[in-house]
Amino acid sequence: MALQVELIPTGEIIRVVHPHRPCKLALGSDGVRVTMESALTARDRVGVQDFVLLENFTSEAAFIENLRRRFRENLIYTYIGPVLVSVNPYRDLQIYSRQHMERYRGVSFYEVPPHLFAVADTVYRALRTERRDQAVMISGESGAGKTEATKKLLQFYAETCPAPERGGAVRDRLLQSNPVLEAFGNAKTLRNDNSSRFGKYMDVQFDFKGAPVGGHILSYLLEKSRVVHQNHGERNFHIFYQLLEGGEEETLRRLGLERNPQSYLYLVKGQCAKVSSINDKSDWKVVRKALTVIDFTEDEVEDLLSIVASVLHLGNIHFAANEESNAQVTSENQLKYLTRLLGVEGLMLREALTHRKIIAKGEELLSPLNLEQAAYARDALAKAVYSRTFTWLVGKINRSLASKDAESPSWRSTTVLGLLDIYGFEVFQHNSFEQFCINYCNEKLQQLFIELTLKSEQEEYEAEGIAWEPVQYFNNKIICDLVEEKFKGIISILDEECLRPGEATDLTFLEKLEDTIKHHPHFLTHKLADQRTRKSLGRGEFRLLHYAGEVTYNVTGFLDKNNDLLFRNLKETMCSSENPIMSQCFDRSELSDKKRPETVATQFKMSLLQLVEILKSKEPAYIRCIKPNDAKQPSRFDEVLIRHQVKYLGLMENLRVRRAGFAYRRKYEAFLQRYKSLCPETWPTWAGRPQDGVTVLIRHLGYKPEEYKMGRTKIFIRFPKTLFATEDALEVRRQSLATKIQAAWKGFHWRQKFLRVKRSAICIQSWWRGTLGRRKAAKRKWAAETIRRLIRGFILRHAPRCPENAFFLDHVRTSFLLNLRRQLPRNILDTSWPTPPPALHEASELLRELCMKNMVWKYCRSISPEWKQQLQQKAVASEIFKGKKDNYPQSVPRLFISTRLGTDEISPKVLQALGSEPIQYAVPVVKYDRKGYKPRSRQLLLTPSAVVIVEDAKVKQRINYANLTGISVSSLSDNLFVLHVQREDNKQKGDVVLQSDHVIETLTKTALSADCVNNININQGSITFAGGPGRDGVIDFTPGSELLITKAKNGHLAVVAPRLNSR
C-alpha cells in the first residue's frame, strides 16, 4: 500500500488512503488534503503558487515564466500574497462544480491551492466573523474574464450561503440580473465576444445569519457611442440582435421590426451581425425569463422593447436637403413607428430632428439644421434614449434587489459584500475620450490598491511586533492630480473649454493644456516634445505617462463627448413621451433647470471619487484577470501580450510592495504542524506552546537570524530559498516517514486481517460441528423410529390395515412400485414381471395389462405402412399354414415381396390384354398338364379381380375370383398347389395344378386377393382335382428323402417330398 498522490486541475495535491477507490477530492476520512506548500516540491514543473515565493521577484521575465508554467498545466490561478491573478483559459476546466465549492468552503486561505472560490470564501468568512463590509475588485483587459469571474463569485455565494427566511427570491434575482445587464451593456468587440461596455459595482447585503437579503448595483460610463457606431468586426449591444433573432413574430410585427439585422443602419456598421460563438435566440429566452424573475411586468417588458425598437428605427431616419440646404425627414414610415413606440407627437418629433431651439435673451428661436447637424441630433437622441434607459434598467433591478425587511432588527445588522467589475487599463492604436476616462479610473484604483496594500502590510507588521521598513514604490498621486486637480487638472481645463463662450474646438483645448500644464513631467504634446519624440506624436495628440506606461490620446471628439449635448427641443419632445419608461428617463425638471448640466468627465470623476470612498470603507480583495492571447484560443500563451498586461495591471509593483519585507508568513500552529517531523524534539508531538516549538524547530534547521523574525502569533521568513530548502527537507523526510508508516500499517493491517480470519474460522467451525451433530442425532432418531414402525408392521402384516401396520404396508407397496418402475418390460416380447405382494395382486395384473397395451400401442404407432402390410400377410400365412404345412417354418424369417416379376419380365401384349387392370403380384410357376402331367413354365399374375396364367405373350387362362372355389395344398414340404374352379363354367378347362418356389407367399397373397383365406385346404395323402369334363385327376403325396414328381402307373401324379420339421 504505497502512498499515492494526485494533482488535480486546481493545482491541489490529494493523498489517497484507499488505493482501490477513486481519488477523493473533498475533505474527509478517505482523503487527506495536502496544504498549499506541497506543490513547492513540483515548482520546477508547475511554478510557485504565490509569486511572493519567486526568488528573483524583481524580474519580469521570471514572473511571466512562472505564469507560463502554470498555464501549461491548466493552473490558471496564482497568488501575489492575498491578490489572485487569473489567466483566461478559453475553455471549461471543470473546476467550478458544487464539489469544488464544498472543497473551498470554510477552509483557510493557504490550506488550498489558488482559486477564485478561495478568495470568495475568505471574503465571506471575514464578513461573517468580523462583521465588516468586504469588497472584491476585479480588473483586467476586455476578454480577460472579469465578467465570468463575477458570475462565478455570485454562483458560489448563491450555492453555499444559507437561504434567507423568505426563500431564494433575492438569490435568484442576483443571479438573473447578470443576463439582463449583459444583454443591454455587453457587446462583441475585436477582443471579446461578450465584452462589458460599462463598469459595474454590485453590493450584496447579507443578514446576521450570512444569507443574502438584498443588493444594489452602480454602473459607470456606458459606452453609448456604440449605439450609433461600431468598428469593423464589432457589434452593437446584444439586446438588438437577441430581439430580432428570438422575438416572437407577433412581437416583431407590433414593433415594426424585421428579423434581418442588415435592415438597420445601427447594426451594419461593424459588418458582423452573426457570430458563431453567440446564440442570440437562446440568449433571448434567458433574458425574457430573467426579466420575469426580477419583477418586470408584461407592460414594462413591452415598454422596454418599444424603446429598444425605437433606437433601431431612429437609426433608419434619413434626411434630405431642401432648397435652403436645410434638412428634412424623408423616412415617413420610420417616423410613424417612432411616434407610436415612444408615445410622442409626430410633428413635434419631426421638428425636433430638423431644428434646434435656442433661447436668447429670454426668447425662443428655432434654427434649422443642415444634413450633418440633423444626423448628429438623431444620433445624440439615440444615444441619450439608450443610455438613460440603461440607467433606468439598473434602477429597476436595484428596486427588485432591495431588501423588503428594512424595518426589521436583522436589517440593522446586515453586512455588505461589494463586487467591482471595472475596465482594465486600455491602450489602443487610437485612444480617445473613453480610454482617457478608463485609464483615469485605473490610476485611481491603482492608487487605492497600493495605499490599502501598504496599509494592510503595515498593520500586520505592527500587530506582530515586527519593525516596519519603509517601502520604495511609485506613487501615482502625481498622475491622479494631473487629471483631477481643480483648476489645473485636465478635466477642469476640458470643462472650462466646453463652457467658455466663443469657438471652442478640440485643438483649442489642446493648446490650453500646453499652456497650463506644459511643465508637468508626465504630460507631453507634439509642441512640447523634443525633435526625436515629436515624430511619434500627432499635432492633435497628447501623451500621459501613466503608472503602467505611456498612452497617447487623440483630442478629436473630446469636447463633444464631454458635453454630451442633446438639443433642448429633443429633450422637450422626449419629456412629453407617453411611454412610462421614457417619462421617467426624461424628467420635465430638466427643462426648467437653468443650471448647465455637469459634463461627462466631471460626472465620471465624482462617481469615481464616490466609488473610492465606498471601497475605502470596506476590506478589499483583489482579482487581476489576464488574457493569454487575442485569438481566444486555449493553450496559447502570447508572451508579448501578457507582458503588456502585467505592466498595465501593476502586478510587478504589487509584488515589490509585498516582497519589501518578508516573503512568507504563517501562524505558529500551522508552521509547527507542517514541519515538526524535521526535528526529533518536536516529532511526533510538541507539548508546549507553539511559539516555543517553532523556536526549537528553526534552531534545529539552522535558520540564520537575518532569514526570519518571530512575531507575536506568526513566523516571518524573509527569503523564498529558506522556505524551499525547508520544503525540500520535508519531502525527503516524508519518504522515510512514509516507509515506516507503510511498514507499521502493513503489519497492523495484516495482523488484524489474520485475527479476523481466525475468529471467523473458529466461529464457522463451531457452528458447523454443532450443525453436523444435530443433523446426525436427528437422523439416528428418525432411523430408530422407522425401524420400530417397520418391525411392528411386519408382525401385523397379515392383520387388517390399522395404524400399527399402515406404515409397513405402505412401505411394501411403495417398494414394489419403485421396483416395478425399475424392472418394467422393455418390449412386447418381454414377459417378465416382478412378483407382487399379496395385497397388490389385482393391481399388479391391471398394471401389467396396461403396460402391455401401452407397449403394443407404442409399437403399432412406430411401424410403417409397408411393414404393417408385411405383418398382416405374415399373420394370414400363420393362420393358414402354422402347424399344417411342413415347410411353413422356413418361410417365416423370409419377408414377402410385393412381386417376383418386374414389368419388363411380363410381355407387353399381356399388359395390353389386361388393359387398365393393375398387377398386384406376379410370380413364375410350373403348370402340370391334366393328361400327361407334363410340366410347363408359366407366369401367375394376380389382379384385383382374377388369377391370370400366362405363357410367354399369351394369356392361357383367366380365373375370376368368383369362380375360384378353393385351393388345395399338401402338408408336406412340396411346392404344388391346385386351384379349384367351378365345374359349371364352360370357359374353364378344369382345375389347375401349379408349382411355385414361393408357395407360402404365393398362396397367402392369392388368398388375400381372392378373399378366400378359409377356402385353402391342406391335405394329407392325396388331392383330387377336376381334369376335364367328366374326368377327375389324383395327386398322391408320400414322404421321402428328396423331392420327386412323376406320373404313376395308376395314372396318378405321384409326389415324394422330404420332411423338414418333425411333428
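In the nomenclature of an unreviewed UniProt entry, the protein chain is known as Unconventional myosin-Ic of Loxodonta africana. In UniProt, the protein chain has this text filed under Sequence similarities (unreviewed entry): "Belongs to the TRAFAC class myosin-kinesin ATPase superfamily. Myosin family."

Peer 1: Even after reading the chapter, I still don't get the packing of helix α29 (residues 720-795) against helix α30 (residues 803-822), so can you show me in this structure?
Peer 2: Packed helices, taken two at a time, are described by the angle their axes make and the gap between the axes. Two elements in contact, α29 and α30, have axes separated by 7 Å at closest approach and are oriented at 95 degrees. With respect to α30, the axis of α29 lies roughly perpendicular. On α30, the residues touching Thr 786, Arg 789, Leu 790, Arg 792, Gly 793 and Phe 794 of α29 are Glu 804, Asn 805, Phe 807, Phe 808 and His 811. For the contact of α29 with α30, the class distribution of residues is 4 nonpolar, 4 polar and 3 charged.

Peer 1: Which parts of the structure should I look at to understand the domain arrangement of the protein chain?
Peer 2: It is common to report an interface's size as the accessible area lost on association of the parts. Annotation of the protein chain at the domain level lists domain 1 (433-604), domain 2 (665-778), domain 3 (805-861) and domain 4 (866-1057). Measuring from the centre of the C-alpha atoms in domain 1 to the corresponding centre in domain 3 gives 122 Å.

Peer 1: Explain the side chain of Ser 310 here, please?
Peer 2: Here Ser 310 shows up in helix α11 (residues 298-315). Using a relative accessible area of 2% as the deciding quantity, one classes Ser 310 as buried. Polar side-chain contacts of Ser 310 include one of 2.5 Å to the backbone oxygen of Ile 307. Not counting chain neighbours up to four residues away, the residues in contact with Ser 310 comprise Leu 338, Leu 341 and Leu 342.

Peer 1: How should I be thinking about the sheet that holds strand β32 (residues 1031-1040) in this particular structure?
Peer 2: The strands that make up a sheet pair up through hydrogen bonds in the backbone, lying either parallel or antiparallel. Reading across the sheet, the 4 strands line up as β31-β32-β34-β33 and stay open at both edges, with mixed pairing between neighbours. Single-partner strands in this sheet number two, and they are β31 (1022-1028) and β33 (1044-1047). Geometrically, the sheet is characterised by an average inter-axis angle of 20 degrees between neighbouring strands, direction not taken into account. Across 6 bridges, β31 lies against β32 in antiparallel orientation. If you follow Thr 1024 over to β32, its bridge partner there is Val 1034.

Peer 1: Would you take a moment to explain the environment of Val 311 for this structure?
Peer 2: Locating Val 311 in the fold gives a position in helix α11. Between the C-alpha atom of Val 311 and that of Leu 174, which follows or precedes it by 137 residues, the distance is 28 Å.

Peer 1: How should I be thinking about a nonpolar patch on the surface in this particular structure?
Peer 2: Taken together, Ile 787, Ile 791, Phe 794, Ile 795 and Leu 796 make up a surface patch of nonpolar side chains, about 480 Å² in accessible area. Its location among the elements puts Ile 787 in helix α29.

Peer 1: Just checking my understanding: could you explain the pairing of strand β15 (residues 415-421) for this structure?
Peer 2: The two faces of the sheet receive side chains in turn, since in a regular strand these alternate between them. With 7 of 7 residues buried, β15 lies mostly within the body of the structure. Both faces of β15 are covered, namely the face carrying Thr 415, Leu 417, Leu 419 and Asp 421 and the face carrying Val 416, Gly 418 and Leu 420. With 5 bridges joining them, strand β6 (residues 134-140) and β15 adopt parallel strand pairing. Bridging from a neighbouring strand, Met 137 pairs with Leu 420 of β15. Pairing geometry for strand β9 (residues 199-206) and β15, over 7 bridges, is antiparallel. Looking at β15, one finds that Tyr 201 is bridged to Leu 420.

Peer 1: How do you make sense of the confidence of the model for the protein chain when you look at a structure like this?
Peer 2: Predicted coordinates in areas of low pLDDT are best not read in detail. Averaged over all residues, the pLDDT of the protein chain is 85; the fraction at 70 or higher stands at 92%. With pLDDT under 50 throughout, residues 1-36 is counted as low confidence; its partners more than four residues away or in other chains account for 87 contacts. The low-confidence segment residues 406-411 (pLDDT under 50) makes 6 contacts with residues lying over four places distant or belonging to another chain.

Peer 1: How should I be thinking about the pattern of salt bridges in this particular structure?
Peer 2: Any two side chains of opposite charge can pair, on the condition that their charged atoms come close. With the rule as written, the count across this model stands at 48 salt bridges. The salt bridge involving Lys 627 is made with Asp 630; its shortest N-O contact spans 3.2 Å. Here Lys 627 falls in the buried class, since its relative accessible area comes to 0%. Across the pair Glu 951 and Arg 938 runs a salt bridge, and its minimum N-O distance is 3.4 Å. Separated by 13 residues along the polypeptide, Glu 951 in strand β25 (residues 946-951) and Arg 938 in strand β24 (residues 935-942) bring together distant segments of the chain. Judged by relative accessible area, Glu 951 falls into the partly exposed class, the value being 27%. By sharing partners, the salt bridges in this structure join Glu 60, Glu 65, Arg 68, Arg 69, Glu 639 and Arg 643 into a single network.

Peer 1: Can you walk me through the sheet that holds strand β20 (residues 664-667) in this structure?
Peer 2: Here we have 3 strands laid out as an open sheet, ordered β20-β22-β21, and antiparallel in their pairing. Across the chains shown, the open sheet's two edge strands, defined by having one partner strand only, are β20 and β21 (708-710). When the angles between neighbouring strand axes are averaged without regard to direction, this sheet yields 15 degrees. Where helix α27 (residues 668-675) meets the sheet, its contacts fall on β20, β21 and β22 (714-717), and the angle it forms with β20 comes to roughly 95 degrees.

Peer 1: Teacher, can you tell me more about the environment of Arg 103 here?
Peer 2: One can find Arg 103 in helix α3 (residues 98-104). A sequence separation of 15 residues divides Arg 103 from Ala 118, and the C-alpha atoms of the two residues are 9.2 Å apart.

Peer 1: So what exactly am I meant to see when it comes to unusual backbone geometry here?
Peer 2: Residues other than glycine predominantly adopt negative phi, and peptide bonds predominantly adopt the trans conformation. Omega for the bond connecting Trp 683 with Pro 684 falls within 30 degrees of zero, at 5 degrees, which places this linkage in the cis form. Note that Pro 684 resides in the loop between α27 and α28 (690-701). Residue Lys 632 is not a glycine yet carries a positive backbone phi of 60 degrees. Looking at the secondary structure, you find Lys 632 in the loop between β19 (619-626) and α25 (639-648). When its relative accessible area of 26% is taken as the criterion, Lys 632 is described as partly exposed. Of note in the backbone geometry, Tyr 933 takes a positive phi value of approximately 55 degrees without being a glycine.

Peer 1: Whenever I open this one, the environment of His 216 confuses me. Can you help?
Peer 2: Within the secondary structure, His 216 sits in strand β10 (residues 212-220). On a C-alpha basis, the gap between His 216 and Leu 93 in space is 31 Å, while along the polypeptide they are 123 residues apart. Residues in contact with His 216, not counting those within four places in the same chain, are Tyr 201, Met 202, Asp 203, Asn 398 and Leu 401. A distance of 3.4 Å separates the side chain of His 216 from the side chain of Asn 398, its partner in a polar contact.

Peer 1: Just to check I follow, could you spell out the nonpolar core for this structure?
Peer 2: Proteins that are soluble and globular tend to have nonpolar side chains buried together. Core analysis: the largest hydrophobic core is formed by 114 residues, its most contacted members being Phe 184 and Phe 240. Here this core takes 14 residues from helix α14 (residues 371-401), the largest share from any one element. Grouped together as the second largest cluster of nonpolar side chains are 91 residues, Ile 490, Ala 663, Ile 717 and Leu 730 included.

Conventions used here
- Residues numbered from 1 in each chain as written.
- Predicted model: local features only at pLDDT ≥ 70, side-chain atom pairs only at ≥ 80, totals over all residues.
- Heavy atoms only, no water.
- UniProt positions renumbered as here; feature names shortened; annotations may be inferred.
- Axes fitted to C-alpha atoms, helices over the stretch in contact; angles between N-to-C directions.
- Helix = DSSP H or I, 4+ residues; strand = E, 2+ residues; numbered from the N terminus.
- Parallel < 35°, antiparallel > 145°, perpendicular 65-115°, else oblique.
- Contact = heavy atoms within 4.5 Å.
- Nonpolar A, V, L, I, M, F, W, Y, C, P; charged D, E, K, R; others polar.
- Domains from an automatic or database assignment.
- Buried < 20%, exposed > 50% of the residue type's maximum accessible area, 1.4 Å probe, protein only.
- Polar contact = N/O pair within 3.5 Å; in protein donor to acceptor, adjacent residues only side chain to side chain.
- Pairing = 2+ DSSP bridges.
- Patch = residues over 30% accessible without salt bridge, like charges linked within 9 Å, V, L, I, M, F, W, Y side chains within 5 Å.
- Areas by Shrake-Rupley, 256 points an atom, 1.4 Å probe, with all protein chains shown as cover.
- Salt bridge = Lys/Arg side-chain N within 4 Å of Asp/Glu carboxyl O.
- pLDDT = per-residue confidence, 0-100.
- Core = buried A, V, L, I, M, F, W, Y, C linked by side-chain atoms within 4.5 Å.

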